[in-house]
Amino acid sequence: MLLHQLLQESPLILHTNALFSSDNPLHVASSAGHVDFVREIVRLKPEFVKQVNEDGFSPIHIASANGHLEIVRELLRVDQGLCRIEGRNKWTPLHFAASRGWPNLVKEMLLVCPQSLQDVTVHKETSLHLPIKNSQFEAVTHLLVKLITLIIIKIKLALSFVLKY
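Residues numbered from 1 in each chain as written. Predicted model: local features only at pLDDT ≥ 70, side-chain atom pairs only at ≥ 80, totals over all residues. Heavy atoms only, no water.

Caption draft 1: Structural detail: the UniProt feature "repeat: ANK" (unreviewed entry) in the protein chain. In this numbering, the UniProt entry assigns the feature "repeat: ANK" (unreviewed entry) to residues 55-77. Within the segment residues 55-77, helix and strand shares are 70% and 0% respectively, and the terminal C-alpha atoms sit 24 Å apart. (UniProt positions renumbered as here; feature names shortened; annotations may be inferred. Helix = DSSP H or I, 4+ residues; strand = E, 2+ residues; numbered from the N terminus.)

What follows is the structure, given as structure tokens:
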């Protein structure tokens, strides 16, 4: 693999970028859509997944904004809590995916972390407000389906509790 070859030639390559930029190599690989690099960097330096660059973005924010579904999946395998990590203006990866109209990313994040529907930005916008503002109606559809499903589950739980007593 190319990353292993680079590491043999320059063992400090995973540390070098930090000297010149606030982006770690995982930020760069996530932005470029290099799934194999992301997988290997995560294996070697799992602490990179939570690092936020000077612009306020973690690797999962960057992958979500760019529609890189496989990279988001790799990062969520490391830590499912990443779907709720706050970036600049308290935007989460779901906010980015929804606002940019990446329905498959929206579905993936809601599957892994349905509670992320509750997260709000500093402007008090939810993941439902943002795609509506940006005319990303397929993302809105997925968000509404998940929201309605969660409401139905809560109603069924409440009814089962009431009917028991």
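Once the structure has been displayed, the description carries forward.
Caption draft 2: Representation of the nonpolar core. Ranked by size, the top nonpolar core spans 28 residues in total, and within it L26, L75 and V106 carry the most contacts. Residue assignment for this core shows that the elements contributing at least two residues are α3 (25-32), α4 (35-44), α5 (59-65), α6 (69-78), α7 (93-100), α8 (103-112) and α10 (137-164). Looking at which element gives the most residues to this core, the answer is α6, with five residues. When neighbours within four sequence positions are excluded, V106 is seen to be in contact with L94, A97, A98, A139, H142 and L143. One finds F57, A65, W91 and F96 within the second-largest nonpolar core, a separate group that totals six residues. (Core = buried A, V, L, I, M, F, W, Y, C linked by side-chain atoms within 4.5 Å. Buried < 20%, exposed > 50% of the residue type's maximum accessible area, 1.4 Å probe, protein only. Contact = heavy atoms within 4.5 Å.)

Caption draft 3: Seen up close, the state of the cysteines. Per the counting criterion, the structure on display carries one disulfide. Residue pairing for C83: its cysteine sulfur links by disulfide to C113, the two sulfurs lying 2.4 Å apart. Taking the sign of the S-S torsion, 80° for the link of C83 and C113, the bridge is right-handed. With a gap of 30 residues between them, C83 in the loop between α6 and α7 and C113 in the loop between α8 and α9 (129-133) connect regions that are remote in the sequence. For C113, a relative accessible area of 3% corresponds to the buried category. (Disulfide = S-S within 2.5 Å.)

Caption draft 4: Fine view of α7. Taking burial as the measure, the eight residues of α7 include seven buried ones, the bulk of the element. For α7, the set of buried residues is P93, L94, H95, F96, A97, A98 and S99. As for α7, its buried residues are in contact with α5, α8, α9 and α10. A positive phi of about 75° marks G101, the residue just after α7.

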